[in-house]
Amino acid sequence: MKRTSVTFNLNEPLIFDKSGPGKAAYTLPPLDVEDVPVEEILDSKYLRQEVQGFPEVSEVELIRHYTRLSTWNYHIDLGMYPLGSCSMKYNPKLNERVARLSDIALTHPLQGDQHSQGNLEILFRLQETLKELTAMDAVSLQPAGGAQAEFTGILMIRACHLSRQGDPRRFVLIPDSAHGTNPASAVLAGYEVISIPSNAEGRIDVEVLKEKMTEEVACLMLTNPNTMGIFETQIEEIAQVVHHQGGLIYMDGANLNALMGYARPGEMGIDVLHLNLHKTLSTPHGGGGPGSGPVACKKDLSPYLPVPRVEQEGGQYRLNSDEPASIGRVHAFYGNFGMAVRALCYILSCGREGLKELSGMAVLSANYIRRRLEGYYDLPYDTPILHEVVFSDKRQNKTGVTTLDIAKRLIDYGFHPPTTYFPLIVQGALMIEPTESHSKEELDAFIEAMIAISREARDDPDLVTSAPTTAKLTRLDEVRAARSPQLRWKP
Amino acid sequence: MKRTSVTFNLNEPLIFDKSGPGKAAYTLPPLDVEDVPVEEILDSKYLRQEVQGFPEVSEVELIRHYTRLSTWNYHIDLGMYPLGSCSMKYNPKLNERVARLSDIALTHPLQGDQHSQGNLEILFRLQETLKELTAMDAVSLQPAGGAQAEFTGILMIRACHLSRQGDPRRFVLIPDSAHGTNPASAVLAGYEVISIPSNAEGRIDVEVLKEKMTEEVACLMLTNPNTMGIFETQIEEIAQVVHHQGGLIYMDGANLNALMGYARPGEMGIDVLHLNLHKTLSTPHGGGGPGSGPVACKKDLSPYLPVPRVEQEGGQYRLNSDEPASIGRVHAFYGNFGMAVRALCYILSCGREGLKELSGMAVLSANYIRRRLEGYYDLPYDTPILHEVVFSDKRQNKTGVTTLDIAKRLIDYGFHPPTTYFPLIVQGALMIEPTESHSKEELDAFIEAMIAISREARDDPDLVTSAPTTAKLTRLDEVRAARSPQLRWKP
Amino acid sequence: MRYVSITPEEKRLMLQVTGVDRVEDLFGTIPENLRLRETLDIPEAASETDILKYFRALGQKNASAENFEYFLGAGAYNHFLPTLIDSVISRAEFYTCYTPYQPEISQGTLQATFEFQTLICQLTGMEVANASLYDGSSALAEGVLMAVRTTKRQKILIPQSVHPEYRRVLETYTANLDIQIEDLPFTESGCICLESLEQLLSEDHAAVVIQSPNFFGVLDEVEAASRLCERAGALSIVVVTEALSMGLLKPPGELGADIVVGEGQSLGIPLGFGGPYLGLFATKDKYKRQMPGRLVGQTVDSLGRPGFVLTLATREQHIRRQKATSNICTNQGLCALIAAVFLTTLGKGGIRELAEQNLKKAFSLRKLLGDSLAFSGATFNEMVVDCAEDPEEINRRLAGEGIIGGLPLGRYFPERSNQMLVCVTEQNSLEKIQRFAEILKGVEVPL
Amino acid sequence: MRYVSITPEEKRLMLQVTGVDRVEDLFGTIPENLRLRETLDIPEAASETDILKYFRALGQKNASAENFEYFLGAGAYNHFLPTLIDSVISRAEFYTCYTPYQPEISQGTLQATFEFQTLICQLTGMEVANASLYDGSSALAEGVLMAVRTTKRQKILIPQSVHPEYRRVLETYTANLDIQIEDLPFTESGCICLESLEQLLSEDHAAVVIQSPNFFGVLDEVEAASRLCERAGALSIVVVTEALSMGLLKPPGELGADIVVGEGQSLGIPLGFGGPYLGLFATKDKYKRQMPGRLVGQTVDSLGRPGFVLTLATREQHIRRQKATSNICTNQGLCALIAAVFLTTLGKGGIRELAEQNLKKAFSLRKLLGDSLAFSGATFNEMVVDCAEDPEEINRRLAGEGIIGGLPLGRYFPERSNQMLVCVTEQNSLEKIQRFAEILKGVEVPL
Ligand SMILES: Cc1ncc(COP(=O)(O)O)c(C=O)c1O
Ligand SMILES: Cc1ncc(COP(=O)(O)O)c(C=O)c1O
């Protein structure tokens with residue numbers, strides 16, 4: 001059976017172009033208090049005209065609008081979405097149902113501990129579970145995403161140095177394969193970044209690290225397994241080097257889906273770590289969030305965790321903000337609570353064996369893809385990998401085909417493309433992370449599409465460079481978009 | 001903006017072809033009672049092997065399977081679905097939400113009146129509202145669809161004749177434009193059918209009716225407005241003719257969406273009537289049900305309504321099965337209760353003015369389409385219409401294009417086709433019922449597509465006769481399907 | 001009015017095209033005196049907020065499986081409803097489409113229905129199944145009509161151990177069709193009396209109807225009865241109200257049934273106060289052209305690609321009108337989809353595990369009740385209990401402990417007013433099973 | 001394990017291809033001693049049924065808007081959540097996709113985000129808005145960072161009438177960046193002191209931050225402050241925690257704001273115990289290249305067809321790394337979609353009607369409370385009340401009547417321990433408003 005057919009799909013203008021005076025999709029109950037005219041309550045200087053340009057559409061039009069738009073998206077429930085570094089795994093329906101239970105979803109963050117025991121148990125229990133999963137000593141669920149978590153963790157490291165030595169130190173070491181948020185977060189926390197090159201294996205060059213690791217370095221910020229899917233085998237030596245100089249180690253745990261039940265960062269010398277509930281723990285990515293980036297740390301660093309903390313005492317839960325050494329807050333209230341609900345639901349659904357099975361199958365799937373594709377695509381590093389594999393477009397370049405082309409051509413085969421051009425250390429990187437979700441049938445279909453594309457690149461490169469031909473649009477003009485930005489509709 | 005683009009769509013085999021031993025999409029709690037082996041409870045003669053052929057798939061595969069399948073359906077939330085006689089109107093989301101409230105949805109039909117007061121109020125209140133809407137005296141919500149309602153109503157008429165005269169009479173008169181369920185239901189109730197021809201206006205030929213209306217006729221079964229969308233203007237005379245001979249009038253109320261707030265069958269001499277909650281009252285059609293066909297009748301006929309009845313006394317509701325003259329039951333319990341919940345929700349949402357507005361706009365939309373298309377398609381009757389319009393393919397036949405072709409070509413334009421080849425009295429009927437749901441923009445797009453097709457039929461008939469070209473499949477072989485039926489998968 | 005999408009200005013334009021001034025003018029063909037002058041006596045439109053409040057308040061006047069534990073079955077069973085079901089059926093693609101008359105743009109519904117038909121064949125052990133009927137009761141009526149049609153005989157044998165509401169529906173359906181319904185006795189085991197059957201069954205009989213597990217919960221003599229039917233040239237019609245039982249029990253198809261009719265509610269459909277449910281209908285291949293209801297078949301399109309269509313439509317009312325095999329049109333499509341999702345979710349392993357849990361939980365109650373069982377026959381998840389007290393009174397007591405008790409049989413069988421039909425499913429907890437037994441027997445039960 | 005789709009046999013085949021015997025062997029690059037020997041100390045997998053039971057039981061340990069009427073706001077508001085929202089965002093097409101990096105197959109998310117950006121511009125009266133930030137508090141921090149970047153100045157003026165948690169976040173974000181946060185006094189009206197502002201504001205100031213309606217519910221001096229900012233070459237940053245207020249009140253954009261940051265929770269997002277919420281960020285066109293966060297722009301494809309892409313990515317971390325305008329990556333995409341659906345549902349008429357209902361209902365309480373108001377300034381739907389008794393104690397009493405009272409201000413401002421910040425939305429009923437006033441004042445209020 002061919003993977004795709006070609007069918008019609010409905011176009012749809014902007015909602016503003018569907019607006020017409022007198023249409024409405026809402027109803028409100030009649031006002032039950034005295035209907036005092038607005039002008040008698042507020043001086044007219046406070047009042048606006050009606051919101052210019054706001055749409056007026058019926059409920060039917062609204063639903064059709066968004067339904068049509070929705071059909072233009074590729075999504076996990078449709079097929080494989082092998083974005084490297086993103087752990088685009090299946091988002092269980094049960095999580096969504098649980099997160100919508102009204103006694104959980106319709107609770108106010110300031111309603112007080114006595115009225116929030118259920119929610120506080122969720123937060124507490126998730127924290128405890130994440131500690132066990134990572135072998136760390138304390139967790140905060142406050143950061144709303146990976147980047148905010150990095151920032152939080154680096155601030156904690158800073159606070160730690162400050163309190164130990166009265167000096168936050170000046171630099172953060174970051175491997176050149178790191179995600180862009182790492183250096184951006186370090187700078188936001190007031191540090192300068194020193195890049196550490198990768199060695200021929202795709203790992204941190206420990207010799208260079210030794211050189212750069214001085215007493216001016218606050219921490220090394222690494223990702224393990226790194227963005228090539230490669231485990232930093234020398235992690236213990238690395239930790240020694242860093243700790244020896246009084247430095248700390250921050251681990252970007254975006255790739256924890258490779259390790260659950262197999263190894264724990266807390267046993268590798270990691271001092272601070274974040275993980276992404278929206279990657280490893282299956283909360284949906286939502287087209288760009290909301291995510292959640294819990295931060296975990298060793299005991300030494302726990303005084304610096306954000307406030308409030310969730311604590312348990314005598315079967316009662318409470319929020320504690322009285323932590324003078326804390327870095328403060330990075331988010332109002334308690335972060336993206338709804339994601340914590342989903343993550344806990346997922347952990348309970350999978351159980352201890354299940355979590356391990358997930359990581360095992362994620363790693364197996366990635367290795368299977370690698371093995372089956374290494375004859376067709378250039379493998380910049382032949383180091384063994386865990387949960388993801390990075391190829392380059394070197395072989396395809398010979399006929400002028402690039403990673404971008406391969407990615408676009410995959411669309412015609414009914415797949416979302418992998419992450420492209422990242423990590424930066426691989427030219428024309430094609431970063432493939434299958435996760436554990438897919439059937440062998442789906443993996444094989446992806447592999448066969450990739451193989452077919454490699455043949456097309458050789459025999460009929462135009463086919464690839466003109467892809468996609470079966471998507472709604474093809475190759476949007478990004479230069480034009482950036483040069484004269486149209487960032488909103490205007491009448 | 002063109003209405004459609006062409007994009008890829010994922011194919012998907014039968015679920016049985018995705019099955020593999022050891023996969024599963026379910027979990028069950030551990031057994032909390034003693035785990036006695038099955039064989040110790042039941043003699044092995046009672047036990048089967050595992051169900052041969054049952055699929056084994058993961059949750060991910062299941063969701064992808066049905067998600068992919070779903071994308072192959074056209075549906076109301078996508079666009080106009082102008083199936084004549086079907087009232088394919090928007091299905092409000094609020095109805096769906098209300099019907100899923102667990103205190104309503106998770107109730108057992110036999111849990112007793114004292115534990116079911118909320119549900120009984122829903123049934124009672126809907127009955128009362130339908131009485132008001134139709135000017136009838138009593139209602140039963142038991143029939144699960146239009147056809148079952150017809151059967152129920154005719155049985156009531158039969159019971160009435162029997163009790164009045166000891167003779168059920170022999171015939172049911174049915175106009176030739178009637179829906180197929182009408183004669184089928186009459187026969188099921190033990191009658192023979194006499195067909196009444198339509199006159200040149202598309203209405204019941206009253207002269208013929210007078211002729212056929214004898215004392216052997218139990219009832220006339222009419223549809224008003226009829227399946228041409230034409231109101232039976234002589235309804236009072238018709239009623240007189242029928243009643244004069246001791247006959248009764250059954251009205252198929254499938255087309256009540258034309259009349260709400262404008263006219264009421266109970267004031268036209270109708271004795272028994274059904275309406276379709278899944279048409280007029282917005283409950284979703286679900287790809288073929290569930291529907292719901294309440295039966296309404298005049299006081300004389302109310303003793304014959306099915307049991308149980310919902311009654312109110314002193315603010316308490318109760319079910320009463322003690323009605324000796326009742327025809328009995330046509331459904332276990334109380335029919336498709338969930339549809340009653342949705343219909344009541346709809347009525348309360350629309351309110352008295354809203355219901356009238358719906359019918360008004362449905363009629364306006366149909367007349368607008370008729371006016372704009374009558375220059376392009378043959379109008380077999382130029383009688384004024386209410387909520388739907390029937391064209392024929394006579395003009396297009398000249399170049400060999402038929403109603404089937406026009407319907408298929410509409411798919412390429414991004415529309416669901418109208419009802420075709422019904423009513424039978426119009427050769428090559430194209431029966432268009434827009435309902436009130438659509439924007440003018442959507443109606444105009446449909447009209448323009450129809451006009452474009454009429455031009456294509458003239459100028460480039462092959463284009464039309466080879467349509468659709470942009471659907472997943474085109475012109476399935478129905479003869480082959482019927483000749484050697486493959487009605488199930490086999491390993 | 002949020003369900004209308006036309007602005008006042010557009011309305012004006014449309015009226016202009018239509019050639020009238022006011023919408024009212026379009027109703028000119030309705031005689032003046034028949035036009036409604038008054039506003040309908042229906043409340044004004046309510047807001048979404050108020051409507052939700054109203055229905056929530058109504059819900060609070062009900063007992064529901066959210067707050068009570070149910071020991072009540074009798075044709076409607078409180079089973080596990082996998083979350084996946086609502087995720088699938090809430091897709092507008094499935095619930096807002098019509099019957100798949102245009103196969104090119106309905107393959108989703110068609111393939112899902114084809115899979116449903118297959119799953120029902122597998123579950124019942126039959127060769128062919130339709131796309132659904134209204135519910136179990138009308139499915140029984142349709143089964144009998146089909147037997148009459150096929151055998152050209154007019155008599156039916158049916159015991160009181162068939163669900164009394166089904167029987168009532170059967171009587172209503174057959175009342176005017178010259179069909180004679182005759183009673184088939186049952187024994188103390190709760191099974192039909194095979195000797196009586198042998199005696200009563202003649203060449204005038206179109207069919208024998210048996211329910212198994214029957215209304216009293218007892219696994220009935222399907223195989224023996226079917227053999228007798230075959231000998232007499234009558235069809236054996238087996239009713240199943242607890243479809244889940246077929247996950248474990250030998251299905252009617254393996255026991256010689258000619259027609260299996262049933263209620264599919266157990267297969268993922270909420271109790272829903274009795275509906276919408278799902279009429280199941282399966283039979284032997286040779287009878288397929290006599291079947292009622294919709295059928296989906298596999299075929300190819302004009303380019304040779306495989307696909308699905310509604311087929312054998314010449315049996316149906318829209319083609320055959322008064323000569324159709326049934327008057328059914330709209331059926332229970334979305335409920336069939338629910339059942340397909342349910343059976344696919346559970347799959348081979350799950351359906352059996354779930355059925356076994358029912359058996360074992362019910363057995364644990366059966367052991368606790370010991371000698372108060374009214375019938376000696378084997379049971380699945382339902383059983384009839386002799387009560388020392390008025391069952392209605394026991395139920396009142398149970399309700400106070402958050403339990404909805406069994407069905408007082410007196411409601412259908414006045415002579416059985418001291419009996420209660422009790423159901424135990426996987427949803428019942430050991431704790432409540434024990435409590436139920438205690439209250440039923442009026443004594444403390446040792447653990 | 002229902003979240004894995006590979007059979008044991010397939011696993012064997014895959015291992016074979018991969019060249020190892022067991023999955024464990026694939027972890028060979030992890031040093032022996034770092035490999036976990038024990039099983040994780042996490043419970044065994046629980047069934048769907050048990051998980052639902054567990055979370056339902058947890059829910060019952062909370063108060064929620066399902067059972068209580070809330071008079072609590074303070075940055076999180078209990079508003080109407082149209083049913084349409086969940087219908088839209090429950091479509092897997094929207095919630096299971098990633099950030100729209102591949103525009104060809106992400107036009108749904110892209111167009112919806114473009115519409116969101118437009119709606120936020122319209123609502124705030126600004127020229128350009130981004131695709132969302134984490135929440136209101138970090139949006140404030142990002143706004144200040146942008147002001148510092150743009151003006152190359154390091155001082156910020158901000159009053160205590162900005163949400164204290166936002167201020168705390170701001171302090172955390174700026175702690176190590178050589179930015180000085182200075183306090184701006186406010187008057188008895190609850191508004192900032194304009195004279196002080198005039199005195200304090202210098203050429204060293206990057207921005208003045210004002211919240212309006214401010215944390216005490218008072219409509220603040222945005223216009224005057226913005227004018228002063230303009231004169232001093234500082235940017236005026238306006239914080240809005242109650243986004244609904246802009247449906248009725250003159251938006252910051254019309255009052256001279258340079259940057260509007262805010263919390264979008266009021267726009268259809270459930271209270272959700274504080275998150276996920278929606279950081280709003282809007283500014284003037286001239287600052288667009290200094291903005292943090294994602295932006296969607298309109299363009300054409302290679303065949304000239306219009307479409308949308310993520311744009312101005314050179315501001316962002318994945319291109320610019322340490323030189324990016326912000327470190328943000330994943331943001332609050334689905335919450336932005338919620339807000340877009342909410343604003344489209346309400347539209348021009350609804351947003352105003354809803355805002356007016358808030359104003360009028362809050363005003364009805366304000367009238368009942370009369371002289372116990374702590375500030376004299378104009379308010380929208382929140383106000384600070386002086387209490388005769390400990391507000392925590394009052395709240396305990398209210399809870400007994402199904403009411404969650406206001407925020408005891410002592411929690412953030414020890415000197416205000418006799419004050420309560422009270423919020424009234426369209427969700428509050430006349431009846432409870434009256435009861436609330438009675439209990440608060442400790443007297444019966446005449447109707
Ligand atoms: C390795 C790595 N680190 C950090 C991040 C940033 O996480 P977030 O997007 O949640 O801010 C990502 C996400 O793409 C990532 O892949
Ligand atoms: C005029 C008319 N009568 C009767 C029916 C039968 O209704 P149902 O499909 O609910 O059985 C229909 C449905 O298509 C119809 O259009």
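Anyway, here's the lowdown on the structure attached to this text. Starting afresh in each chain, residues are numbered from 1 along the sequence in its written order. Whichever chain is written first is A, and whichever ligand is written first is 1; the rest continue in order. Per-residue local features of the predicted model are confined to residues with pLDDT of at least 70, and side-chain atom pairs are confined, for both listing and counting, to 80 or more; whole-chain, interface and lining totals are unaffected and use all residues. Only heavy atoms go into the side-chain values, all of them from the structure, while hydrogens and water stay out.

Thoughts on the nonpolar core
Step number 1: Counting residues in hydrophobic clusters, the biggest one holds 597 residues, and the most contacted among them are F55 and L140 of chain C together with F55 and L140 of chain D.
Step number 2: Working rule for contacts: check all heavy atoms of both residues, and any pair within 4.5 Å makes them a contact. When near neighbours in sequence (up to four residues on either side) are disregarded, L140 of chain C contacts I158, V162, Y166, L170, V209, I237, V239 and V261 of chain C. For our purposes a nonpolar core is just a set of buried Ala, Val, Leu, Ile, Met, Phe, Trp, Tyr and Cys residues, chained together by side-chain atoms within 4.5 Å. Each residue's exposure class comes from its accessible area (1.4 Å probe, protein chains only) as a fraction of the maximum for that residue type: buried when under 20%, exposed when over 50%, partly exposed otherwise.

Things to note about the packing of helix α5 (residues 117-134) of chain B against helix α10 (residues 337-373) of chain B
Residue and element names in this part refer to chain B.
Step number 1: Packing of α5 against α10 brings their axes to within 9 Å, and their N-to-C directions diverge by 45°. With respect to α10, the axis of α5 lies oblique. In the packing of α5 onto α10, the handedness of the crossing is left-handed. Contacts between α5 and α10 involve N119, I122, L123, R125, L126, T129, L130 and L133 from the former and F337, A340, V341, A343, L344, I347, L348 and L355 from the latter.
Step number 2: Gly falls in the polar group here, along with every residue not listed as nonpolar (Ala, Val, Leu, Ile, Met, Phe, Trp, Tyr, Cys, Pro) or charged (Asp, Glu, Lys, Arg). Of the residues that constitute the contact of α5 with α10, the class distribution is 13 nonpolar, 2 polar and 1 charged. Only the stretch in contact is used when a helix axis is fitted, and all axes are lines through C-alpha atoms; the angle between N-to-C directions ranges over 0 to 180 degrees. Counting from the N terminus, the helices are DSSP H or I runs at least four residues long and the strands are E runs at least two residues long. We call two directions roughly parallel when the angle between them is under 35 degrees, roughly antiparallel when it is over 145, roughly perpendicular when it lies between 65 and 115, and oblique otherwise. By the definition used in this description, the sense in which the near helix is turned from the far one sets the handedness, with an anticlockwise turn below a right angle giving left-handed and a clockwise turn giving right-handed.

Things to note about the site of ligand 2
Step number 1: Neighbouring residues of ligand 2: 15 residues in total, closest S85, G146, D252 and K279 of chain B together with T330 of chain C.
Step number 2: Whether a residue is near a molecule or strand depends on its heavy atoms: if one lies within 4 Å, it is near. Close to ligand 2, residues of chains B and C are found.
Step number 3: Within the contact set of ligand 2, an oxygen atom lies 2.7 Å away from a side-chain nitrogen or oxygen of H278 of chain B.
Step number 4: Y98 of chain C is positioned with one of its side-chain polar atoms (N or O) 3.4 Å from an oxygen atom of ligand 2.
Step number 5: Relative to its unbound accessible surface of 390 Å², ligand 2 loses 99% to contact with the protein.
Step number 6: Broken down by element, the shell around ligand 2 gets its largest block of residues, 3 residues, from helix α6 (residues 146-165) of chain B.
Step number 7: Among the residues making up the shell around ligand 2, the classes are represented as 4 nonpolar, 8 polar and 3 charged. Here a polar contact means two N or O atoms within 3.5 Å. Within protein one must be a hydrogen donor candidate and the other an acceptor candidate, and residues neighboring in sequence count only if both atoms are side-chain atoms. Where accessible areas are quoted, they stem from the Shrake-Rupley method and a 1.4 Å probe; at the residue level, only the protein chains shown are allowed to cover.

Side note on the sheet that holds strand β11 (residues 382-386) of chain D
All names here are of chain D.
Step number 1: Strand pairing is defined by DSSP finding a minimum of two bridges between the two strands. Here we have 3 strands laid out as an open sheet, ordered β11-β14-β13, and antiparallel in their pairing. Each end of this open sheet is capped by a strand with a single partner; those strands are β11 and β13 (407-408).
Step number 2: Sheet analysis places β13 next to strand β14 (residues 419-423), joined by 2 bridges and oriented antiparallel. Each bridged residue has a counterpart across the sheet, and for L407 the counterpart in β14 is L421.
Step number 3: Lying over the sheet, helix α12 (residues 391-399) contacts β13 and β14, oriented at roughly 45° with respect to β14.

Examining the interface of chain C and chain B
Step number 1: At the interface, 190 residues of chain C touch 206 residues of chain B.
Step number 2: Both faces combined, the contact of chain C with chain B buries some 17400 Å², and carbon together with sulfur accounts for 63% of it.
Step number 3: Once two parts are put together, the accessible area they lose, assessed with a 1.4 Å probe and summed over both, is termed the buried area. If you sort the residues of chain C by the area they bury against chain B, Y3, F273 and K348 of chain C come out on top, with a joint share of 6%.
Step number 4: The term salt bridge refers to a side-chain nitrogen of Lys or Arg lying within 4 Å of a carboxyl oxygen of Asp or Glu. Where chain C meets chain B, there are 9 salt bridges.
Step number 5: Between E165 of chain C and R329 of chain B there is a salt bridge, and its shortest N-O distance comes to 3.1 Å.
Step number 6: One can count 98 residue pairs in polar contact (both at pLDDT 80 or more) joining chain C with chain B.
Step number 7: Ranked by residues supplied to the side of chain C that touches chain B, first place goes to helix α11 (residues 333-369) of chain C with 26 residues.
Step number 8: Residue composition of the side of chain C that touches chain B, grouped by class: 95 nonpolar, 60 polar and 35 charged.

Notes on the interface of chain A and chain B
Step number 1: On the side of chain B, 42 residues touch chain A, which itself brings 42 residues to the contact.
Step number 2: For the pair chain A and chain B, the summed buried surface comes to about 3800 Å²; carbon and sulfur atoms form 56% of the total.
Step number 3: Looking at the side of chain A facing chain B, the largest losses of area belong to T7, F8 and R64 of chain A, adding up to 19% of the total buried there.
Step number 4: Linking chain A with chain B are 3 salt bridges.
Step number 5: Our enumeration of links across chain A and chain B arrives at 27 residue pairs in polar contact (both at pLDDT 80 or more).
Step number 6: Broken down by secondary-structure element, the contributors of at least two residues to the side of chain A that touches chain B are β1 (4-10), α2 (59-70) and α13 (440-459) of chain A.
Step number 7: When the residues that make up the side of chain A that touches chain B are grouped by side-chain class, the tally is 15 nonpolar, 14 polar and 13 charged.
Step number 8: Pairing of β1 of chain A with strand β1 (residues 4-10) of chain B involves 7 bridges; the strand directions are antiparallel. Opposite V6 of chain A, over in β1 of chain B, you have F8 of chain B as the bridge partner.

Regarding the site of ligand 1
Step number 1: Residues in contact with ligand 1 amount to 15 residues; listed here are only the nearest, S85, G146, D252 and K279 of chain A together with T330 of chain D.
Step number 2: Looking at the residues close to ligand 1, they fall on chains A and D.
Step number 3: In the model, an oxygen atom of ligand 1 is placed 2.5 Å from a nitrogen or oxygen of the S85 of chain A side chain.
Step number 4: A distance of 3.2 Å is found between an oxygen atom of ligand 1 and a side-chain nitrogen or oxygen belonging to H179 of chain A.
Step number 5: Out of a free accessible area of 390 Å², ligand 1 has 99% covered by protein chains.

Overview of the side chain of H108 of chain A
Step number 1: Assignment of secondary structure puts H108 of chain A in the loop between α4 (102-105) and α5 (117-134).
Step number 2: Look at H108 of chain A and you get buried, because its relative accessible area is 0%.
Step number 3: Ignoring anything within four residues of it in the chain, the contact list for H108 of chain A reads Y70, L72, G73, A76, L271 and F273 of chain D.

With respect to the packing of α2 of chain A against helix α5 (residues 107-124) of chain D
Step number 1: Interaxial distance between α2 of chain A and α5 of chain D falls to 7 Å at its minimum, and their mutual angle equals 135°. Taken together, the axes of α2 of chain A and α5 of chain D lie oblique to each other. Across the interface between the two elements, H65, Y66 and L69 of chain A of α2 of chain A pack against G108, Q111, A112 and E115 of chain D of α5 of chain D.
Step number 2: Looking at the contact of α2 of chain A with α5 of chain D residue by residue, the classes come out as 3 nonpolar, 3 polar and 1 charged.

What about empty space enclosed by the protein?
Step number 1: Of the two site types, the cavity is a set of points on a 1 Å grid over the protein atoms alone where a 1.4 Å probe fits but cannot get out, and the pocket is an open set with protein on both sides within 12 Å along at least five of seven lines, each lined by residues with an atom within 4 Å of a point. Grid points are joined across faces, edges and corners, and a volume is the space filled by probe spheres set on the points. By the definition in use, this model includes 17 cavities of 30 Å³ or more.
Step number 2: Roughly 540 Å³ of internal volume is contained in the largest cavity.
Step number 3: Together, 33 residues line the largest cavity, and N9 and T71 of chain A together with T7, N9 and T71 of chain B are the ones closest to its centre.
Step number 4: When contributions to the lining of the largest cavity are tallied by element, the ones reaching two or more residues are β1 of chain A together with β1 of chain B.
Step number 5: Residue composition of the lining of the largest cavity, grouped by class: 14 nonpolar, 12 polar and 7 charged.
Step number 6: Reported here for the second largest cavity is a volume of approximately 160 Å³.
Step number 7: Residue assignment for the lining of the second largest cavity shows that the elements contributing at least two residues are α5 (107-124) and α11 of chain C.
Step number 8: With 4 residues, the single largest contributor to the lining of the second largest cavity is α11 of chain C.

Topic: the sheet that holds strand β13 (residues 430-432) of chain A
Residues and elements named next belong to chain A.
Step number 1: Taken in spatial order, the 3 strands of this open sheet run β11-β13-β12, and their pairing is antiparallel. Two strands in the sheet have a free side with no partner beyond their single neighbour: β11 (389-391) and β12 (419-420).
Step number 2: Summarising the sheet, β11 and β13 pair through 3 bridges and their orientation is antiparallel. Residue pairing across strands places V389 opposite I432, the latter belonging to β13.
Step number 3: Each of β11 and β13 touches helix α10 (residues 337-373); the most contacted strand, β11, lies at about 25° to it.

Notes on the packing of aromatic side chains
Two aromatic rings are characterised by how far apart their centres lie and by the angle between their planes.
Step number 1: Side-chain rings of Phe, Tyr and Trp (the six-membered ring for Trp) are treated as a pair once their centres are within 6.5 Å; stacked means planes under 30 degrees apart, edge-to-face means over 60, and tilted covers the remaining angles. Enumeration over the complete set of coordinates arrives at 50 aromatic pairs over all chains.
Step number 2: Pairing Y377 of chain B with F391 of chain B gives two aromatic rings, centres 6.1 Å apart and planes at 50°, and the pair type is tilted. Remark: F391 of chain B occurs in strand β11 (residues 389-391) and Y377 of chain B occurs in the loop between α10 and β11; sequence separation between them is 14 residues. Here Y377 of chain B matches F391 of chain B in class, with each residue buried.
Step number 3: Three or more aromatic residues joined by ring pairs form one cluster here, namely F186, F215, F216, F375, Y412 and F413 of chain C.
Step number 4: For a lysine, the NZ atom is tested; for an arginine, the CZ atom; a charge sits over a ring if that atom is within 6 Å of the ring centre and within 35 degrees of the ring normal. Residue placement shows R158 of chain B over the ring face of Y191 of chain B; its charged tip is 4.9 Å from the ring centre.

All we've got here are geometric facts, nothing functional implied.
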